[in-house]
Amino acid sequence: MVRLKAFQGVVQQNADIADSVVVYIEEAHPSDGWMSTDAPYQIPKHRCLEDRLNAAQLMHLEVPGCLVVVDSMENSSNAAYGAYFDRLYILQEGKIVYQGGRGPEGYRISELREWLDQYRRRLEKSNNLVIHV
């Protein structure tokens, strides 16, 4: 929950320079499996896409203003990006320009924020170009 609040802050602060998407994958701590003692929700293991879509609605409530999409039941996005279960990425023109570590240990919102801050500074410099005629 703390991670989502921090992510939401980064999303809001950078909405003018970056689009944000959350890809909801399989449930990390299903209530009928290895459940975390501090889990804010009781979500059972997804048995079909409808289960996953319903669970993603909760994610959407946690990160308002951010597009939430759902991985397939084959977990193709999870496999392609190696999220298992948290991971931060920045893509530009279809290429990965920032890949955070695998969560939960490698999930560092501070690294994401720093990358976006540097990007903002580069944008501001390019907008301040002076041409003498």
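Our structure's up above, just so we're on the same page.
All of the points below concern the structure found in this document. Fair warning: this is a prediction, and the values are worked out from it, not measured in the lab.

About the criteria used
- Residues numbered from 1 in each chain as written.
- Predicted model: local features only at pLDDT ≥ 70, side-chain atom pairs only at ≥ 80, totals over all residues.
- Heavy atoms only, no water.
- Helix = DSSP H or I, 4+ residues; strand = E, 2+ residues; numbered from the N terminus.
- Buried < 20%, exposed > 50% of the residue type's maximum accessible area, 1.4 Å probe, protein only.
- Contact = heavy atoms within 4.5 Å.
- Salt bridge = Lys/Arg side-chain N within 4 Å of Asp/Glu carboxyl O.
- Patch = residues over 30% accessible without salt bridge, like charges linked within 9 Å, V, L, I, M, F, W, Y side chains within 5 Å.
- Areas by Shrake-Rupley, 256 points an atom, 1.4 Å probe, with all protein chains shown as cover.
- Polar contact = N/O pair within 3.5 Å; in protein donor to acceptor, adjacent residues only side chain to side chain.

**A closer look at the overall build of the protein**
Then, in step 1: When helices and strands are counted, the protein shows four helices and four strands.
Then, in step 2: Moving toward the C terminus, one meets the helices and strands of the protein in the order α-β-α-β-α-β-β-α.
Then, in step 3: Burial status across the protein gives 30% buried among its 133 residues.
Then, in step 4: A separation threshold of at least 6 residues defines the contact pool for the protein, and within that pool the share at least 24 residues apart is 47%.

**Some points on the pattern of salt bridges**
Then, in step 1: Using the criterion set out here, one finds two salt bridges in the structure.
Then, in step 2: Measuring nitrogen to oxygen at the nearest pair gives 3.4 Å for the salt bridge that ties glutamate 114 to arginine 121.
Then, in step 3: The partly exposed category is assigned to glutamate 114, whose relative accessible area is 36%.
Then, in step 4: Its relative accessible area of 44% is what places arginine 121 among the partly exposed residues.

**Observations regarding a nonpolar patch on the surface**
Then, in step 1: On the surface, Val21, Val23, Leu67 and Val69 cluster together into a nonpolar patch covering about 300 Å² of accessible area.
Then, in step 2: Relative to the helices and strands, leucine 67 is located in strand S2 (residues 67-70).

**Points about the side chain of asparagine 78**
Then, in step 1: Note on placement: asparagine 78 falls in helix H3 (residues 76-81).
Then, in step 2: At 3.4 Å, the side chain of asparagine 78 and the side chain of glutamate 26 are in polar contact.
Then, in step 3: Each residue touching asparagine 78, except ones within four places of it in the same chain, is listed here: Ile25, Glu26, Asp71, Ala83 and Tyr84.

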